[in-house]
Amino acid sequence: MDELVNKRINEVIKGNQDAFEEIVTLFQHRLYHVCYRMLGNPQEAEDIAQEAFVRAYVNIHTFDQKRKFSTWLFRIATNLCIDRIRKKKPDYYLDATVPGTDGLNMYSQIAASGDLPEEEVERMEAQERVQYEIGRLPEKYRTVIILRYLEELPLQDISDILELPLGTVKTRVHRGREALRKQMGNM
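This one's a predicted model, so the numbers in the text were calculated from it and none came from an experiment. (Residues numbered from 1 in each chain as written. Predicted model: local features only at pLDDT ≥ 70, side-chain atom pairs only at ≥ 80, totals over all residues. Heavy atoms only, no water.)

### Topic: the side chain of Glu133
Now for step 1: Within the fold, Glu133 resides in helix α5 (residues 117–136).
Now for step 2: In this structure Glu133 comes out as buried when scored by relative accessible area, which is 3%.
Now for step 3: For Glu133, the side chain forms a polar contact with the side chain of Gln183, separated by 2.8 Å.
Now for step 4: Residue contacts for Glu133: discarding those within four places in its chain leaves Leu180, Gln183 and Met184. (Helix = DSSP H or I, 4+ residues; strand = E, 2+ residues; numbered from the N terminus. Buried < 20%, exposed > 50% of the residue type's maximum accessible area, 1.4 Å probe, protein only. Polar contact = N/O pair within 3.5 Å; in protein donor to acceptor, adjacent residues only side chain to side chain. Contact = heavy atoms within 4.5 Å.)

Following this line, the structure appears as structure tokens:
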């Protein structure tokens, strides 16, 4: 095989570009697998393997034919892989599958816009505590607090519903809030 490769290399040096196609055909799968094992990403492995062939073609005149071509080619590819790993910034393909999952892609790794589960639990516990403390308020304060803060009704609507003067509703909202604050302590 080395004789065939050296023969094709001589043809490439003389200007026969088609001869290099045979060299690529001989080594493309092995070179891709070396790159893939080093990088772990099929797209990058293809890119680096292609770049290695391009560099080998451009620098074919520097190849020492007393040595094995495959060693030289794999050294080029290995150096390119090492360079890519060193310079690699986290570049994620959102449609690439996440290793160790059943077909999940990177879209599933994007942070949700909502709260974390722990924050959600804390919020729910706080809501339950507030509901409990509102339930312990005297009825005249509990009613206005529920209508004002849970139902988010304007003060005038509360006044109309309870058939109380607006000033009385404002006073009860204020006193109900103060009573709730005392019951809650420093929550």
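### Focus: a negative patch on the surface
Now for step 1: On the surface, a cluster of negative charge is made up of Glu118, Glu119, Glu122, Glu125 and Glu128.
Now for step 2: In this fold, Glu118 is placed in helix α5. (Patch = residues over 30% accessible without salt bridge, like charges linked within 9 Å, V, L, I, M, F, W, Y side chains within 5 Å. Areas by Shrake-Rupley, 256 points an atom, 1.4 Å probe, with all protein chains shown as cover. Salt bridge = Lys/Arg side-chain N within 4 Å of Asp/Glu carboxyl O. Lys, Arg positive; Asp, Glu negative; His and termini not counted. Charge placed at Lys NZ, Arg CZ, Asp CG, Glu CD.)

### Description of the packing of aromatic side chains
The description of an aromatic ring pair uses the distance of the two centres, along with the angle that the planes make with each other.
Now for step 1: Taken as a whole and judged by the stated rule, the model has seven aromatic pairs.
Now for step 2: Measuring from centroid to centroid gives 6.4 Å for Phe20 and Phe53, while their planes differ by 85°, and the two rings are edge-to-face. Remark: Phe53 occurs in helix α3 (residues 42–58) and Phe20 occurs in helix α2 (residues 18–39); sequence separation between them is 33 residues. This pair shows no difference in class: Phe20 is buried, exactly as Phe53 is.
Now for step 3: Seen in terms of ring centroids, Phe69 and Trp72 are 5.7 Å apart; in terms of plane orientation they differ by 55°. Their pairing is tilted. Of this pair, Phe69 and Trp72 both sit in helix α4 (residues 69–87), separated by three residues, roughly a single helical turn.
Now for step 4: Among the residues examined, Phe69 registers a relative accessible area of 3% and is labelled buried. (Phe/Tyr/Trp six-rings, centres within 6.5 Å; stacked < 30°, edge-to-face > 60°.)

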